[in-house]
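# An overview of the molecular structure
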Amino acid sequence: MKVLTVSDEIVPVLHTPAVREYAQGVEMILACGDLPAEYLEYLVSMLNVPMFYVLGNHDNAERPPEGGENVNLRVVEYKGLLIAGLEGAQRYNSKPHFQYTENEMRAHIAALTPALLLNKARYGRYLDVLITHAPPYQIHDGADYAHRGFKAFRWFIEHYQPRYLIHGHTHIYDKRTETITTRGATTIVNTVGYKILDIPIVASRRKEER
Ligand SMILES: [Zn+2]
């Protein structure tokens, strides 16, 4: 499935009607936070496909994008893809706004666990795509507090082996910076700006087919 993923930076060419050509064949939008609601709504209305999103540390909770589905702490299934979300970034100041400590993020993962176990029983796998705002610890992350990734996400990758972890938050200042990294079964993608991914749909192994 062709998927448009976006976060953090408005891409001018996507903000014009040319987006229809540019993103031809895209069947879903995944948004990883820190983008104005108007921009996301523009993408949804131009491409006329569903959008699943999480919010970032600069987002406005009072003005969520319309026409999309917030998947923070939730698992959704779309056309055979199992998708879940974990919003926010590392807590770095005393006025936290979508900022979480490692312990809080671990608790968020624990909240997702029953749904992941149900997926495993139903489909033979926990998850296909995890969308987050922040990166995993030491993968595409920064050294400062605000941009440090979550160790909890490393744990998530090891235990639940989603095929993709798609995140934002880490701006790219050097074109040589890696934005796609593989760890075990998981491809980690920094989508700051945008990416168009081709995510293969795995045939579901249902229990009754044993
Ligand atoms: Zn951010």
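Model, not experiment: these values are computed from the prediction. (Residues numbered from 1 in each chain as written. Predicted model: local features only at pLDDT ≥ 70, side-chain atom pairs only at ≥ 80, totals over all residues.)

### What about the overall build of the protein?
Spelled out, the test is: Each helix is a run of DSSP H or I of at least 4 residues and each strand a run of E of at least 2, with the numbering of both proceeding from the N terminus. Here the globule rule is a power law, 2.2 Å times the number of residues to the power 0.38, and the radius of gyration is based on C-alpha atoms. Two residues form a contact once the distance between their C-beta atoms, set from the backbone, is within 7 Å.
Per the secondary structure count, the protein includes 4 helices and 13 strands. Computed over C-alpha atoms, the radius of gyration of the protein comes to 16 Å, within 12% of the 17 Å expected from 2.2 N^0.38 for 210 residues, which places it in the range of a compact globule. Projecting the C-alpha coordinates of the protein onto the three principal axes gives extents of approximately 50 × 40 × 35 Å. When contacts within the protein are restricted to residue pairs at least 6 apart in sequence, long-range pairs at least 24 apart make up 65% of them.

### Here's the deal with the pairing of strand 6 (residues 81-86)
Cut-off, in case you're wondering: Exposure classes come from backbone-placed C-beta atoms, where a residue is buried if 20 or more other C-beta atoms lie within 10 Å of its own, exposed if 12 or fewer do, and partly exposed in between. If DSSP finds at least two bridges between two strands, the strands pair.
Counting buried residues in strand 6 gives 6 out of 6 residues, a clear majority hidden from the surface. Burial of the side chains of strand 6 extends over both faces: L81, I83 and G85 are buried on one face and L82, A84 and L86 on the other. Note: strand 5 (residues 75-78) against strand 6, 4 bridges, orientation antiparallel. Its bridge partner lying in strand 6, Y78 is registered against L81. Linking two consecutive strands that pair antiparallel, namely strand 5 and strand 6, is a turn of 2 residues; a positive phi of about 50° is found at K79 within it. One ladder, built from 4 bridges, connects strand 6 with strand 9 (residues 129-132); its direction is parallel. Bridging from a neighbouring strand, A84 pairs with L130 of strand 9.

### Things to note about unusual backbone geometry
In this structure, F98 is a non-glycine residue whose phi angle is positive, near 55°. Among the structural elements, F98 can be located in the loop between strand 7 (89-90) and strand 8 (99-100). What makes F98 buried here is the crowd of 20 C-beta atoms within 10 Å. Unusually for a residue other than glycine, Q138 sits at a positive phi of about 60°. The residue Q138 is located in the loop between strand 9 and helix 4 (151-160) in this model. Take Q138: there are 11 C-beta atoms within 10 Å of it, and that puts it in the exposed class.

### Section: the nonpolar core
Under the convention used in this document: By our criterion, buried Ala, Val, Leu, Ile, Met, Phe, Trp, Tyr and Cys residues that link up through C-beta atoms within 7 Å make up a nonpolar core.
Residues I29, L30, A31, V129 and I131 are the most contacted members of the largest nonpolar core, which totals 51 residues. The leading source of residues in this core is strand 6, at 5 residues. Apart from the residues within four sequence positions on either side, I131 is in contact with L30, C32, F52, V54, V71, I83, G85 and I166.

### Structural notes on the sheet that holds strand 12 (residues 186-190)
Going by this rule: Axis definition: a line fitted to C-alpha atoms, over the contacting stretch in the case of helices. Angles run 0 to 180 degrees between N-to-C directions.
Strand order in the open sheet formed by 6 strands is 5-6-9-10-12-11, and the pairing between neighbours is mixed. The open sheet has two edge strands, strand 5 and strand 11 (180-183), and neither has a second partner. The mean angle between the axes of side-by-side strands here comes to 20°, regardless of whether they run parallel or antiparallel. Along the sheet, helix 3 (residues 102-123) makes contact with strand 5 and strand 6, crossing strand 6 at roughly 170°.

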